[in-house]
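Okay, here's what each chain looks like letter by letter:
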Amino acid sequence: MATLRLGDTAPDFEQESSLGKIKFYEFLGDSWGVLFSHPADFTPVCTTELGYTAILSGEFAKRGAKVIAVSVDGKQSHLDWIKDINDTQKTDVQYPILADEDRKVATLYDMIHPNASATATVRSVFIIDPNKKIRLILTYPASTGRNFDEILRALDSIQLTDNYSVATPVNWKQGEDVIIAPSIKDPAVLKEKFPKGYTEIRPYLRITPQPDL
């Protein structure tokens, strides 16, 4: 099985879920996608992660992104667990959780790492753009809950830098200054693209206010 890398086409699949049968590409449509795996239902870290993702669901929707979770547990297990998530995390899980009992999705996306666990999926995250290209990959161990604010921040960065000739610096957040791409050197182009001006710290390090979205 080939390892998935940034820029690769995200594999399509059809799989059962808490909301019924999912055809992945049809589910995504023209939206961005955030596909993330968790080791098992009725486990403490996963409960907090899926609950917080439900709390952030409106923020993902604002960015044109659809969220979908996956583990190797069955549909009924997911449905029963969602009740616990909603109760303990004070939220309402509306996004689908894939019931990947045959490990179809886990295999396509290399979510089972035998040296970590021979049966459970690790904590993987894939951000997928509307062209079905993989734009971000994260992998965490089972004992470490993910920072979904960071996943949202990364999505903001990817969407911003797709549309403007900029990059985002360390710890950047929406609305903060960004970095002009070093490839842009023509003064006329700089003036046109960055009407708010910029500060040159070094020829390769030029800071400008975030462009208006």
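Not measured: the values here are computed from a predicted model. (Residues numbered from 1 in each chain as written. Predicted model: local features only at pLDDT ≥ 70, side-chain atom pairs only at ≥ 80, totals over all residues. Heavy atoms only, no water.)

**Q** Help me understand the packing of aromatic side chains, please; the structure alone is not making it clear to me.
**A** When we look at a pair of aromatic rings, we describe it by the centre distance and by the angle of the planes. Counting across every chain of the model gives six aromatic pairs. Ring centres of Phe 36 and Phe 148 lie 5.2 Å apart, and the angle between their planes is 70°; on these two criteria the pair is classed as edge-to-face. One end of the pair, Phe 36, is in strand S3 (residues 32-37); the other, Phe 148, is in helix H6 (residues 148-163), and 112 residues separate them in sequence. Each member of the pair Phe 36 and Phe 148 is classed as buried. (Phe/Tyr/Trp six-rings, centres within 6.5 Å; stacked < 30°, edge-to-face > 60°. Helix = DSSP H or I, 4+ residues; strand = E, 2+ residues; numbered from the N terminus. Buried < 20%, exposed > 50% of the residue type's maximum accessible area, 1.4 Å probe, protein only.)

**Q** Hey, could you run me through the sheet that holds strand S10 (residues 199-202) in this one?
**A** Consider a sheet: its strands pair through backbone hydrogen bonds, and that pairing is either parallel or antiparallel. The four strands lie next to each other as S8-S9-S11-S10, forming an open sheet whose pairing is antiparallel. Two strands close off the open sheet at either side, each with one partner strand: strand S8 (166-167) and S10. One ladder, built from two bridges, connects strand S9 (residues 178-180) with strand S11 (residues 205-208); its direction is antiparallel. Bridging across to S11, Val 178 finds its partner in Thr 208. (Pairing = 2+ DSSP bridges.)

**Q** Please explain unusual backbone geometry as it appears in this structure.
**A** What you tend to see is this: most non-glycine residues have negative phi, and most peptide bonds are trans. In this structure, Phe 42 is a non-glycine residue whose phi angle is positive, near 55°. Structurally, Phe 42 is set in the loop between S3 and helix H2 (44-55). Positive phi is not limited to glycine here, since Asp 110 has a value of about 55°. Here Asp 110 is to be found in the loop between helix H5 (104-108) and strand S6 (123-128).

**Q** Help me out: how do you make sense of the sheet that holds S6 in this one?
**A** Pairing is mixed across the open sheet formed by five strands, whose spatial order is S5-S4-S3-S6-S7. Only two strands of the sheet have a single neighbouring strand rather than two, namely strand S5 (97-99) and strand S7 (134-140). Here the average twist between neighbouring strands, direction ignored, is 20°. With respect to the sheet, H2 is in contact with S3, strand S4 (65-71), S5 and S6, its orientation differing from that of S6 by roughly 20°. (Axes fitted to C-alpha atoms, helices over the stretch in contact; angles between N-to-C directions. Contact = heavy atoms within 4.5 Å.)

**Q** Can you help me understand the side chain of Ser 124 in this one?
**A** Considering the arrangement of structural elements, one finds Ser 124 in strand S6. When near neighbours in sequence (up to four residues on either side) are disregarded, Ser 124 contacts Leu 35, Phe 36, Ser 37, Met 111, Leu 138, Thr 139 and Arg 146.

**Q** Would you mind going over the pairing of S7 with me for this structure?
**A** Remark: a regular strand shows side chains that alternate across the two faces of the sheet. The pairing of S6 with S7 spans six bridges and is antiparallel. Looking at S7, one finds that Ser 124 is bridged to Thr 139.

**Q** Mind showing me how you'd approach the side chain of Lys 132 here?
**A** Note on placement: Lys 132 falls in the loop between S6 and S7. From its side chain, Lys 132 meets the backbone oxygen of Gly 29 in a polar contact 2.7 Å long. From its side chain, Lys 132 meets the backbone oxygen of Pro 130 in a polar contact 3.2 Å long. (Polar contact = N/O pair within 3.5 Å; in protein donor to acceptor, adjacent residues only side chain to side chain.)

**Q** Sorry, what's going on with the packing of H2 against helix H4 (residues 75-89) here?
**A** Close contact between H2 and H4 brings their axes to 9 Å; oriented N to C, the two are set at 75°. Comparing their axes, H4 and H2 come out roughly perpendicular. Contact with H2, carried on its side by Cys 46, Thr 47, Thr 48, Leu 50, Gly 51 and Ile 55, involves Trp 81, Ile 85, Thr 88 and Gln 89 of H4 and no other residues of that element. Tallied by class, the residues present in the contact of H2 with H4 amount to five nonpolar, five polar and no charged. (Parallel < 35°, antiparallel > 145°, perpendicular 65-115°, else oblique. Nonpolar A, V, L, I, M, F, W, Y, C, P; charged D, E, K, R; others polar.)

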